[in-house]
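Coordinate inspection notes
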There are 2 protein chains.
Amino acid sequence: MNIQKQMLEAIEAELQKQVARLDQPLTKQFHEMLTYHMGWTGEGAGSDATGKRIRPLLVLLTTASCSNDREKDEAARSPYWLRARSAAAAIELVHNFSLVHDDIQDNSDKRRGRNTVWVNWGAPMAINVGDALFVLANQAILDLTEYYPADVVRQAASILNNSCLDLTRGQFMDMSYEERNDLGLDDYWPMVGGKTSALLAACTQIGALLGNASEAEQDAYRFFGWHLGLAFQVQDDILGIWGDEALIGKSTASDLVEGKNSLPILYGLGKQGKFAQRWAEGPIQLSEVNAVASQLEDEGARSYAEETSEAETKKALECLDRANPRGEAGEAIRQLANMLLKRKQ
Amino acid sequence: MNIQKQMLEAIEAELQKQVARLDQPLTKQFHEMLTYHMGWTGEGAGSDATGKRIRPLLVLLTTASCSNDREKDEAARSPYWLRARSAAAAIELVHNFSLVHDDIQDNSDKRRGRNTVWVNWGAPMAINVGDALFVLANQAILDLTEYYPADVVRQAASILNNSCLDLTRGQFMDMSYEERNDLGLDDYWPMVGGKTSALLAACTQIGALLGNASEAEQDAYRFFGWHLGLAFQVQDDILGIWGDEALIGKSTASDLVEGKNSLPILYGLGKQGKFAQRWAEGPIQLSEVNAVASQLEDEGARSYAEETSEAETKKALECLDRANPRGEAGEAIRQLANMLLKRKQ
């Protein structure tokens with residue numbers, strides 16, 4: 001079994017263990033709400049419903065690629081990276097807490113093809129489900145105590161919570177932008193930094209900390225995660241306008257229809273041309289999606305976004321080189337980065 | 001200045017410092033939402049709006065009443081309890097996070113006489129304000145690092161988050177009870193334990209931990225907080241039906257009108273008499289409040305609740321004796337407990 005598959009199994013087992021803190025007689029139904037959201041139970045449960053677990057995988061791959069030597073020593077027993085599993089689970093729990101609350105805030109009724117938690121159980125229960133996922137994340141990170149000295153546990157908890165504060169800042173900006181009509185490119189980076197990059201940077205920083213990396217290596221891994229997040233988000237923004245699904249004009253796959261403040265759109269607004277004029281007139285209709293996407297491309301938004309994504313990708317890969325990931329895990333982390341950065345759909 | 005006043009000032013300063021993590025150029029308005037909720041800014045700001053800060057006060061009084069000797073030694077510099085202030089702030093931030101989310105869940109438009117956060121800024125923003133308060137709580141508890149060894153910090157964070165999971169469990173029960181018509185007395189204690197007692201027990205347990213109390217003393221303080229919470233809640237339940245405001249029949253001061261699953265009501269339901277019959281027929285109207293309250297009293301609910309409150313009060317005070325609080329703070333904590341347990345309004 002390759003290392004990535006081994007890690008994904010360990011992650012799933014650890015997540016189930018953490019969530020099982022609610023598996024008690026009086027809170028069976030509450031526990032069920034969480035296992036439904038995590039993709040394990042209910043209609044449509046299975047690997048499509050769980051998501052890819054990229055964040056916890058990044059944690060464990062980082063830990064393993066820092067700690068290659070020790071890994072060899074201990075190969076006979078259990079791999080060194082296994083010690084970091086509760087931190088990996090913590091990050092995934094934070095990610096899922098933010099998804100549950102996000103879906104209420106955005107009034108989204110589907111997530112990975114299934115009903116969102118608030119659709120099934122109402123917003124009040126869904127708020128509480130998100131809260132519980134966040135508490136479990138904090139309990140999971142403290143479980144590192146079993147394998148790491150208290151000072152390392154404290155540092156990991158601190159990195160995690162700092163990234164969570166960034167998440168709420170990014171979320172605030174995103175929501176407050178909905179009421180503004182003076183947005184430009186400068187408003188993009190702090191929002192995306194908070195909403196996407198902060199948690200990815202926490203993945204690689206915590207992973208490096210738990211792999212006992214030097215401070216310089218920890219920094220390199222952290223910036224790798226940060227730029228990976230930015231590059232990934234910009235790519236997502238490009239697909240949200242010019243991807244196949246967005247252009248087909250069905251459902252709400254187009255960021256133009258959703259009115260999302262993505263990079264190409266903020267670029268277009270800054271140009272104050274025909275696109276910005278149309279945007280100011282009110283919501284884009286499904287029937288206009290192709291024409292408006294073309295207009296935005298003509299104004300240079302697509303090539304600007306593609307250059308930006310490439311620049312961020314380059315920075316991410318430079319940081320990864322500097323971090324010098326080692327062994328089989330090092331190979332796997334490079335592959336994962338390339339997969340994330342070169343995806344077309 | 002007496003010790004309680006000194007503590008309240010330190011608590012307010014520390015809370016402001018913690019919340020100021022959001023006081024940055026791009027999140028000024030976000031910061032304002034939190035300072036509004038905390039009672040410092042906006043319409044109606046002031047001591048009525050902040051609440052009494054009983055929970056953080058309990059933390060500091062407990063720390064101080066364990067650490068009397070050291071306090072004397074260091075009196076010339078700063079009091080020993082001051083080291084625990086970020087833990088006190090953490091507890092108050094957790095309490096306020098739960099209030100902000102509670103108000104959305106209960107659709108309550110007023111809190112301490114002012115608009116709730118969701119009324120002013122909408123539910124999506126209010127969810128995020130609650131989330132941020134919880135993140136800040138976790139950051140605050142980790143700030144103990146300045147004064148305490150990492151292992152103590154980790155223990156404090158663990159106690160805090162265990163009580164937070166209990167909070168979400170209690171909240172789940174409370175919400176799920178709304179759809180049930182088979183409730184009895186047995187359903188009361190786990191709900192109230194989670195919603196009220198868990199956090200009060202965390203106050204006194206963390207306070208004792210930070211006062212370097214023995215394990216036996218920590219236990220005694222913890223159970224003191226737990227029973228204090230139960231006794232307090234039952235008293236609140238009594239006032240919610242037979243208190244002056246509840247009986248006047250104005251606004252929504254009566255738990256009968258609110259349909260709250262309080263102790264006297266669950267007792268009455270268990271009796272399966274006239275009260276239970278009326279309850280099953282649908283919401284109690286304001287005009288019926290006096291008659292239904294009398295009926296419930298006739299069926300023994302009031303005296304049962306009063307006996308229960310007295311029994312819990314007795315347990316709380318026995319635990320406090322066992323904890324043996326010392327010095328000026330010890331005196332103050334006894335007074336605070338008596339004040340809380342004997343309040344009539």
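It should be noted that the structure appears before, not after, this text.
Residues numbered from 1 in each chain as written. Chains lettered and ligands numbered in written order. Predicted model: local features only at pLDDT ≥ 70, side-chain atom pairs only at ≥ 80, totals over all residues.

What follows deals with the overall build of chain A. When helices and strands are counted, chain A shows 18 helices and two strands. The C-alpha radius of gyration computed for chain A amounts to 21 Å, which stays within 12% of the reference 20 Å derived for 345 residues, consistent with globular compactness. By principal-axis analysis of the C-alpha atoms, chain A measures approximately 65 × 50 × 35 Å. Within chain A, the proportion of its 345 residues that are buried is 52%. Across chain A, contacts joining residues at least 24 apart in sequence account for 71% of those joining residues at least 6 apart. (Helix = DSSP H or I, 4+ residues; strand = E, 2+ residues; numbered from the N terminus. Rg over C-alpha atoms; globule rule 2.2 N^0.38 Å. Buried ≥ 20, exposed ≤ 12 C-beta atoms within 10 Å, placed from the backbone. Contact = placed C-beta atoms within 7 Å.)

Our next topic: the interface of chain A and chain B. Taken together, the contacts link 37 residues of chain A with 37 residues of chain B. Put simply, the parts of the chain that give the side of chain A that touches chain B at least two residues each are helix 2 (28–37), helix 6 (85–105), helix 8 (123–142) and helix 9 (150–177) of chain A. Looking at the side of chain A that touches chain B element by element, the count peaks at 16 residues for helix 9 of chain A.

Turning to the relation of the copies chain A and chain B, a few remarks are in order. Superposition of chain A onto chain B requires a rotation of 180° combined with a translation of 0.0 Å along the rotation axis, giving an RMSD of 0.0 Å. What the superposition gives is, in effect, a two-fold axis relating one chain to the other. Residue A:Ala150 of chain A places its C-alpha closer to the rotation axis than any other residue of that unit, at 2.6 Å. Taken as a fraction of all interface residues of chain A, those also at the interface in chain B reach 100%, which identifies the copy contact as same-surface. (Least-squares fit on C-alpha atoms with pLDDT ≥ 70 in both.)

Along the chain, the position of B:Asp23 falls in the loop between helix 1 (3–19) and helix 2 (28–37). Sequence separation of B:Asp23 and B:Lys195 is 172 residues, and the distance between their C-alpha atoms is 30 Å.

Bringing the packing of helix 1 of chain B against helix 6 (residues 85–105) of chain B into the picture now. All names here are of chain B. Across the interface, helix 1 lies against helix 6 with an axial gap of 9 Å and an inter-helix angle of 70°. Judged by the inter-axis angle, helix 1 sits roughly perpendicular to helix 6. Contact residues: helix 1 offers Ala10, Ile11, Glu14, Leu15 and Gln18, while helix 6 offers Arg85, Ser86, Ala88, Ala89, Glu92 and Leu93. The residue makeup of the contact of helix 1 with helix 6, split by class, is six nonpolar, two polar and three charged. (Axes fitted to C-alpha atoms, helices over the stretch in contact; angles between N-to-C directions. Parallel < 35°, antiparallel > 145°, perpendicular 65-115°, else oblique. Nonpolar A, V, L, I, M, F, W, Y, C, P; charged D, E, K, R; others polar.)

Looking now at helix 17 (residues 301–323) of chain B. All names here are of chain B. Across its 23 residues, helix 17 extends 33 Å between first and last C-alpha, which sits within 8% of the 33 Å expected from 1.5 Å per residue. Among all positions of helix 17, only Ala301, Ala305, Thr308, Ser309, Glu312, Thr313, Ala316, Cys319, Leu320 and Ala323 are buried. The secondary structure elements touched by the buried residues of helix 17 are helix 11 (215–242), helix 14 (263–271), helix 16 (289–298) and helix 18 (327–342). Phi turns positive one or two residues past the end of helix 17, at asparagine 324, with a value near 55°. (Expected span 1.5 Å × (residues − 1).)

Attention shifts here to unusual backbone geometry. With a phi angle near 55°, A:Asn324 is a residue other than glycine that sits in the positive phi range. Of note in the backbone geometry, B:Gln272 takes a positive phi value of approximately 50° without being a glycine. Take B:Gln272: it is sitting in the loop between helix 14 and helix 15 (274–280).

Let's shift gears to the environment of A:Asp166. Residue and element names in this part refer to chain A. Considering the arrangement of structural elements, one finds aspartate 166 in helix 9. Accessibility expressed as a C-beta count within 10 Å gives 21 for aspartate 166, which makes it buried. Counting along the chain gives 24 residues from aspartate 166 to proline 190, while the straight-line C-alpha distance between them is 9.2 Å. In this structure, aspartate 166 is in contact with Gly194 and Ala198, ignoring residues within four places of it in sequence.

In this section: helix 2 of chain A. Within helix 2 of chain A, burial applies to A:Phe30, A:Met33, A:Leu34, A:Tyr36 and A:His37. With its buried residues spanning 160° around the axis, helix 2 of chain A presents them on a single face. Contacts from the buried residues of helix 2 of chain A go to helix 1 (3–19), helix 6, helix 7 (117–121) and helix 8 of chain A together with helix 9 (150–177) of chain B. (Arc of directions from axis to C-beta.)

Turning next to the environment of A:Cys66. Residue and element names in this part refer to chain A. Here cysteine 66 shows up in helix 4 (residues 54–66). A count of 30 C-beta atoms within 10 Å places cysteine 66 in the buried class. Sequence spacing of cysteine 66 and alanine 323 is 257 residues, and the spatial spacing of their C-alpha atoms is 8.6 Å. Every residue in contact with cysteine 66, bar those within four places of it in the chain, is listed here: Ala208, Gly211, Asn212, Ala213 and Glu217.

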